[in-house]
Amino acid sequence: MTALFYQIINNIEKITDQNYQDFKNKLLALLREFQEHDDVDNVKVLRNKLHMLLADYLKNKNEHKAIKHHLKDLQKFVHELDDIIEEMDNPEVEDEEKKIKLIDVVKKIEKRYKKYSKYSDKQKESRKKVGIKKKTISYEKELIQLQLELVKLQRYITQAWKKVLIIFEGRDAAGKWGNIKRFTEYLNPRAAKVVALQKPTEVEQTQWYFQRYVKHLPNGWEMAFFDRSWYNRAWVEPVMGFVSKKDYEKFIYDVPRFEEMLIDSGIDVIKLYYSVSKDEQAKRFHERKTNPLKQFKLSPIDQKSQQLWKKYTLAEYQNFSQTSTNKAPWIIIDSNDKKASRINSIKYVLSLFDYPGKIDKKYLKYDTSIVHSAEERVMELKSEIGKNADLFGEK
């Protein structure tokens, strides 16, 4: 058995269109033999070895384009091995799962807010009457349903070997982190990462501008959520005077080409910009100052955001005008209502994918008064900026 095992594994490096099916059949035969002998340790070795070899292939993916579909099939097989290992390690679980009925997550929300009058006199003794807005209950029910869809989407992305990058941008206090939190709350963190980089180090300042972001891009079967991104150079840096006009203009020229390369490499790039009004931003800054749980969000740059409101508006206009492309469009989310922005952001992202078990599209219809195209936003901003406005000069 051991000799056959290593003979099969070593031949993975010679996979071609002609021999793949024979190779896969041998793997399945070997797996059956391990299962018959209840040999979970060797199944784990098989899984780990395949995982390492697939990682090696990914490093040289350009050399193996011809067998890309076979590698995807092999990746799916590795995920199946994970399930098999779990069943072999916990044989009683399979029988138990057959008896389990899945929870209705929406009804669970409804039970949480059971009417006080519905309880018995004895139950009322341990409870208090509490007023909850109907709108709050509706929000929680809709959110949990959409988060369940995100779990389905992640499973599809993992199995289909897809790569998804979602960029969250917006003015300070626009609700970027609150949205990311709702997106990722129930996702498997092994296949979903949040990237929130600090200001560049001295070493990073010597690098190609995009370099520090590239290493955080999603791998196959992974979702990456960027809390701010390379677009710092589009608004924060020019507004605060952290970048020269020459470097800014180079960025504006380079970024559509950079994103096109990402998309051509198989990454789904989704760019969300959260738009908040000046008055609402001021209210949220005040809350950050007074709420000890939110004071960590307050930065020196935040203090200047209100003073530099018009300059940020100009930066938005120039960015949306030049970096929103057919392949990587900007989607503008009105975030004055935090809950509405979360619901509609998730609906928009879910509407971009077809995945198994997807709910009826009527439940994913987003509010077009909240979700806008960059073209619509540019038209709105055009009337707000001065005719001769310049990010790097007098206005």
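In what follows, the structure referred to is the one given above.
Residues numbered from 1 in each chain as written. Predicted model: local features only at pLDDT ≥ 70, side-chain atom pairs only at ≥ 80, totals over all residues. Heavy atoms only, no water.

Novice: Help me understand the environment of His-372 in this model?
Specialist: As for its position among the elements, His-372 is in strand S6 (residues 371–373). Residues His-372 and Asp-334, 38 residues apart in the sequence, show an inter-C-alpha distance of 8.0 Å. When near neighbours in sequence (up to four residues on either side) are disregarded, His-372 contacts Trp-330, Ile-331 and Ile-332. Polar side-chain contacts of His-372 include one of 3.1 Å to the backbone oxygen of Ser-369. (Helix = DSSP H or I, 4+ residues; strand = E, 2+ residues; numbered from the N terminus. Contact = heavy atoms within 4.5 Å. Polar contact = N/O pair within 3.5 Å; in protein donor to acceptor, adjacent residues only side chain to side chain.)

Novice: What am I meant to see in a negative patch on the surface here?
Specialist: Among the surface-exposed residues, Glu-80, Asp-83, Glu-86 and Glu-87 lie close enough to one another that they form a single negatively charged patch. In this structure, Glu-86 sits in helix H4 (residues 68–89). When its relative accessible area of 47% is taken as the criterion, Glu-86 is described as partly exposed. (Patch = residues over 30% accessible without salt bridge, like charges linked within 9 Å, V, L, I, M, F, W, Y side chains within 5 Å. Areas by Shrake-Rupley, 256 points an atom, 1.4 Å probe, with all protein chains shown as cover. Salt bridge = Lys/Arg side-chain N within 4 Å of Asp/Glu carboxyl O. Lys, Arg positive; Asp, Glu negative; His and termini not counted. Charge placed at Lys NZ, Arg CZ, Asp CG, Glu CD. Buried < 20%, exposed > 50% of the residue type's maximum accessible area, 1.4 Å probe, protein only.)

Novice: Can you walk me through empty space enclosed by the protein in this structure?
Specialist: Unfilled space is identified by rolling a water-sized probe across the atoms. Evaluated as defined, the whole model comprises one cavity of 30 Å³ or more. Here the largest cavity is characterised by a volume of approximately 40 Å³. Lining the largest cavity are Gly-170, Arg-171, Asp-172, Arg-228, Trp-235, Val-236, Tyr-273 and Tyr-312. Class assignment of the residues belonging to the lining of the largest cavity gives a composition of four nonpolar, one polar and three charged. (1 Å grid on protein atoms, 1.4 Å probe; cavity = no way out; pocket = protein on both sides within 12 Å on 5 of 7 lines; lining within 4 Å. Points joined across faces, edges and corners; volume = space filled by probe spheres on them. Nonpolar A, V, L, I, M, F, W, Y, C, P; charged D, E, K, R; others polar.)

Novice: What am I meant to see in the sheet that holds strand S4 (residues 267–275) here?
Specialist: Backbone-to-backbone hydrogen bonds join strands into a sheet, with any given pair of strands oriented parallel or antiparallel. Here six strands make up an open sheet; going across it, the order is S2-S3-S1-S4-S5-S6 and the pairing mixed. Here the strands that pair on one side only, and so sit at the sheet edges, are strand S2 (192–195) and S6. For this sheet, the mean angle separating the axes of adjacent strands, direction not counted, is 25°. Across the face of the sheet, helix H15 (residues 309–323) comes into contact with S4 and strand S5 (330–334) while running at roughly 140° to S5. (Pairing = 2+ DSSP bridges. Axes fitted to C-alpha atoms, helices over the stretch in contact; angles between N-to-C directions.)

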